[in-house]
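Given next are the chains, with one letter for each unit.
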Amino acid sequence: MGTALAAALLAAGHRVTVWNRTARKADGLVEKGARRAASPAEAIGASDIVIVCILDYADIAPLLSDDGADAALKGRVVVNVTNGSPAEARELAERVAGLGADYLDGGIMAVPDIIGQPQAVVLYSGAKDAFEAHREVLDAFAGSVYLGADPGSAPLNDLALLSGMYGMFGGFLHAAGLVRSAGGNVTAFTTELLIPWLRAMADSQLPAMAAQVDSGDYGATGSNLAMQVSHDAIGDVSRAQGVSTDLFAPLWELMKRRVADGHGAESVGGVVELVHPREPRA
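Throughout what follows, the structure given in this document is the object of discussion. Since the model is a prediction, treat every value here as computed from it, not as a measurement. (Residues numbered from 1 in each chain as written. Predicted model: local features only at pLDDT ≥ 70, side-chain atom pairs only at ≥ 80, totals over all residues. Heavy atoms only, no water.)

### Comments concerning the packing of aromatic side chains
Then, in step 1: Taken as a whole and judged by the stated rule, the model has 4 aromatic pairs.
Then, in step 2: On the numbers, 6.0 Å between centres and 85° between planes, the contact of tyrosine 166 with phenylalanine 169 is edge-to-face. Residue tyrosine 166 and its partner phenylalanine 169 are both found in helix H9 (residues 153-181); the two are separated by 3 residues, about one turn of the helix.
Then, in step 3: Put simply, the rings of Tyr124, Phe131 and Tyr146 touch in pairs and so form one group of aromatic residues. (Phe/Tyr/Trp six-rings, centres within 6.5 Å; stacked < 30°, edge-to-face > 60°. Helix = DSSP H or I, 4+ residues; strand = E, 2+ residues; numbered from the N terminus.)

### Quick word on helix H10 (residues 186-215)
Then, in step 1: The axis of H10 is deflected most strongly, by about 40°, at leucine 194, and proline proline 196 appears within four residues downstream.
Then, in step 2: Residues Thr190, Leu194 and Gln212 constitute the buried set of H10.
Then, in step 3: Those residues of H10 hidden inside the fold are in contact with H9.
Then, in step 4: A side-chain oxygen of the first residue of H10 lies 3.0 Å from the backbone nitrogen of threonine 187; this N-cap is asparagine 185.
Then, in step 5: Two residues or fewer past H10, glycine 216 is found with a positive phi of approximately 85°. (Bend = angle between axes of the 7 residues up to and from the residue. Buried < 20%, exposed > 50% of the residue type's maximum accessible area, 1.4 Å probe, protein only. Contact = heavy atoms within 4.5 Å. Polar contact = N/O pair within 3.5 Å; in protein donor to acceptor, adjacent residues only side chain to side chain.)

### Let's talk about the layout of surface pockets
Over the atoms a probe the size of a water molecule is rolled, and this reveals where empty space is left.
Then, in step 1: In this structure, the second largest pocket encloses a volume near 1000 Å³.
Then, in step 2: Forming the boundary of the second largest pocket are 37 residues, of which Thr17, Val18, Trp19, Ile51 and Val52 lie nearest the centre.
Then, in step 3: Elements that contribute at least two residues to the lining of the second largest pocket include exactly helix H1 (2-11), strand S1 (17-18), helix H3 (40-45), strand S3 (49-52) and helix H4 (60-64).
Then, in step 4: Here the lining of the second largest pocket takes 5 residues from H1, the largest share from any one element.
Then, in step 5: In the lining of the second largest pocket, the residues fall into 25 nonpolar, 8 polar and 4 charged. (1 Å grid on protein atoms, 1.4 Å probe; cavity = no way out; pocket = protein on both sides within 12 Å on 5 of 7 lines; lining within 4 Å. Points joined across faces, edges and corners; volume = space filled by probe spheres on them. Nonpolar A, V, L, I, M, F, W, Y, C, P; charged D, E, K, R; others polar.)

### Description of the side chain of glutamate 273
Then, in step 1: If you trace the backbone, glutamate 273 turns up in helix H14 (residues 272-275).
Then, in step 2: Owing to a relative accessible area of 14%, glutamate 273 belongs among the buried residues under this scheme.
Then, in step 3: Filtering out sequence-adjacent residues up to four positions away, glutamate 273 remains in contact with Tyr218, Arg258 and Arg278.

Interpretation in functional terms is not warranted from these geometric data alone.
Rendered as structure tokens:
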């Protein structure tokens, strides 16, 4: 990913200095016009904006402690797009601020192959002035979305988006198992039926469910929970076809629990109260 980000900056005409713990990994970027730094301190000192993209936050602290790196940060903007938690982002932001630099945390919602293309998005949170001042540079990577001053907002939203993605993948894998169990063509099913269906459900159902989660009013606008769990058709057919219900069962059990708790007239959106109970209103 770091290589893809640096290549996007070069393609956009920016002057780029690169450093990698394994020096040869930067060879391709140097061939494209990047300048190779001999140390983190040298890389930091080369530009007003410093992009950090490594495996995890635990590896960042040693880089900032490298000979002269901490002093080199003063007056610069650190943009950290390493995967991590909101707590890690806030802790790093405090440390960077203590060294006299501004901090932006970033969540990359893209794979390396689409960096620099319109469908890529990067979420940012932290120092607003720094984001606005360097928006042109950041836009070389992807569409830039600013989520507020809390450095933890970008990683939280990053993980929330990934959780939605993995939920979709889980639904697809169960559906694929069902279709394959009957000898069907999974590719045709996916392209001709599943994708249009999911797109229609996402457009028509998710905004309404989101509004319900925000308001706490889960009145059913279509099939209520009690009706939906009255018969385990998906589970029964899956088992009959030799398809495991491991992916489907967790949500199904939560839906049944919500009904057992007396909320059968609600929409499926009410299940969120079992995942994250709403704080009592004052």
